[in-house]
Amino acid sequence: RTADGINSLRRALDVRPDDLRTIMRLCQVLSDENRMTEALEVARRSEIYGRADPDFMQMVLTLEGSVGDKAAARDRREKILEARPDDYRNRLALIDLYISLGQWDKGADLITQTRSHSGDTPGVREALVTLEARWNAEQNDLDTARRVFAKFIAETPPADRVGPYAALAQFMMQRGSSNAA
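Below is a summary of the structure that appears in this document.

**Looking at the nonpolar core**
Ranked by size, the top nonpolar core spans 18 residues in total, and within it Ile23, Leu26, Cys27, Phe56 and Met59 carry the most contacts. Of all the elements in the fold, those that place two or more residues in this core are helix H1 (2-15), helix H2 (20-32), helix H3 (36-50) and helix H4 (54-67). For this core, the element with the most residues is H2, which contributes six residues. Residue contacts for cysteine 27: discarding those within four places in its chain leaves Ala39, Val42, Ala43 and Met59. Ranked by size, the runner-up nonpolar core spans 13 residues in total, among them Tyr88, Ile95, Tyr98 and Ile111.

Quick look at the structure:
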């Protein structure tokens, strides 16, 4: 059925190659099927139609950062950061790229800046905890990564701790440390 859906979306794009909704849907379906490289190819070919659409560009840069040219995605996200410093989705994705590229100082600086700028922006604090923990873990400091989560959990009201505990467990299991989870 998914193959039929992909074929239908491709046929729709043959008729209207500039239909951003269809382009984005096709890229999403391909991504869901773990065909990220194919999704990136579609997104790159269609970029001319979606440059002005922030959601489309977010999708393109996410795909680029995942399976494409990480350095190019980083460079473009840095330009977006300059133009739109309050775009937290971009900030978080840029931190992720810095970590993926081993640019530890830039990652740490942007984590600190984002923490001070974000205030109570929903979801940002939680995402920063995971990114900061990953920043430490990927530098072989799993103990500090665990402490980042422990501090966050301690600062979270008891009634709201299920989510942070689940995030910690998932984080540790992804790193092969199920006992610590």
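**Points about the packing of aromatic side chains**
Scanning the model with the defined rule gives two aromatic pairs in all. Seen from their ring centres, tryptophan 104 and tryptophan 135 are 6.4 Å apart, and the 85 degrees between their planes marks the pair as edge-to-face. With a gap of 31 residues between them, tryptophan 104 in helix H7 (residues 104-118) and tryptophan 135 in helix H8 (residues 124-137) connect regions that are remote in the sequence. An angle of 50 degrees between the planes, with centres 5.2 Å apart, marks the rings of phenylalanine 149 and phenylalanine 171 as tilted. Here the residue phenylalanine 149 occupies a position in helix H9 (residues 142-155), and phenylalanine 171 occupies one in helix H10 (residues 162-174), the gap between them amounting to 22 residues. Each member of the pair, phenylalanine 149 as well as phenylalanine 171, is classed as buried.

**A closer look at the packing of H9 against H10**
Following both chains from N to C, one finds H9 and H10 inclined at 170 degrees, their axes separated by 9 Å at the closest point. Between H9 and H10, the angle falls in the class roughly antiparallel. Between H9 and H10, the residues in contact are Leu142, Ala145, Arg146, Phe149, Phe152 and Ile153 and Pro164, Tyr165, Ala167, Leu168, Phe171 and Met172, respectively. Residues belonging to the contact of H9 with H10 are distributed by class as follows: eleven nonpolar, no polar and one charged.

**With respect to the packing of helix H6 (residues 88-100) against H8**
Put simply, H6 and H8 touch, their axes get as near as 10 Å, and they point 5 degrees apart. One finds that H6 runs roughly parallel with respect to H8. Here Tyr88, Leu92, Ile95, Asp96, Ile99 and Ser100 of H6 come into contact with H8, specifically with Val124, Ala127, Leu128, Leu131, Arg134 and Trp135. Of the residues belonging to the contact of H6 with H8, the class tally is nine nonpolar, one polar and two charged.

**Observations concerning unusual backbone geometry**
Trans peptide bonds make up most of the peptide bonds, and negative phi angles are found at most residues other than glycine. With a phi close to 60 degrees, asparagine 34 is a non-glycine residue in the positive phi region. Tracing the backbone through its elements, the reader meets asparagine 34 in the loop between H2 and H3. Of note in this structure, asparagine 140 is not a glycine but carries a positive phi near 60 degrees. With respect to the element layout, asparagine 140 can be found in the loop between H8 and H9.

**Topic: H1**
Its 14 residues place the ends of H1 20 Å apart at the C-alpha level, agreeing with the 20 Å of an ideal helix rising 1.5 Å per residue. For H1, the elements touching its buried residues are H2.

**Looking at the pattern of salt bridges**
Applying the stated criterion to the full structure yields 16 salt bridges. Glutamate 64 is the salt-bridge partner of arginine 44, the closest N and O atoms lying 2.4 Å from each other. Taken together, the residues arginine 44 in helix H3 and glutamate 64 in helix H4 connect sequence positions 20 residues apart. When its relative accessible area of 43% is taken as the criterion, arginine 44 is described as partly exposed. The closest approach of N and O atoms between arginine 115 and glutamate 132, which form a salt bridge, is 2.4 Å. One end of the pair, arginine 115, is in helix H7; the other, glutamate 132, is in helix H8, and 17 residues separate them in sequence. For arginine 115, a relative accessible area of 41% gives the class partly exposed.

Calculation rules
Residues numbered from 1 in each chain as written. Predicted model: local features only at pLDDT ≥ 70, side-chain atom pairs only at ≥ 80, totals over all residues. Heavy atoms only, no water. Core = buried A, V, L, I, M, F, W, Y, C linked by side-chain atoms within 4.5 Å. Buried < 20%, exposed > 50% of the residue type's maximum accessible area, 1.4 Å probe, protein only. Helix = DSSP H or I, 4+ residues; strand = E, 2+ residues; numbered from the N terminus. Contact = heavy atoms within 4.5 Å. Phe/Tyr/Trp six-rings, centres within 6.5 Å; stacked < 30°, edge-to-face > 60°. Axes fitted to C-alpha atoms, helices over the stretch in contact; angles between N-to-C directions. Parallel < 35°, antiparallel > 145°, perpendicular 65-115°, else oblique. Nonpolar A, V, L, I, M, F, W, Y, C, P; charged D, E, K, R; others polar. Expected span 1.5 Å × (residues − 1). Salt bridge = Lys/Arg side-chain N within 4 Å of Asp/Glu carboxyl O.

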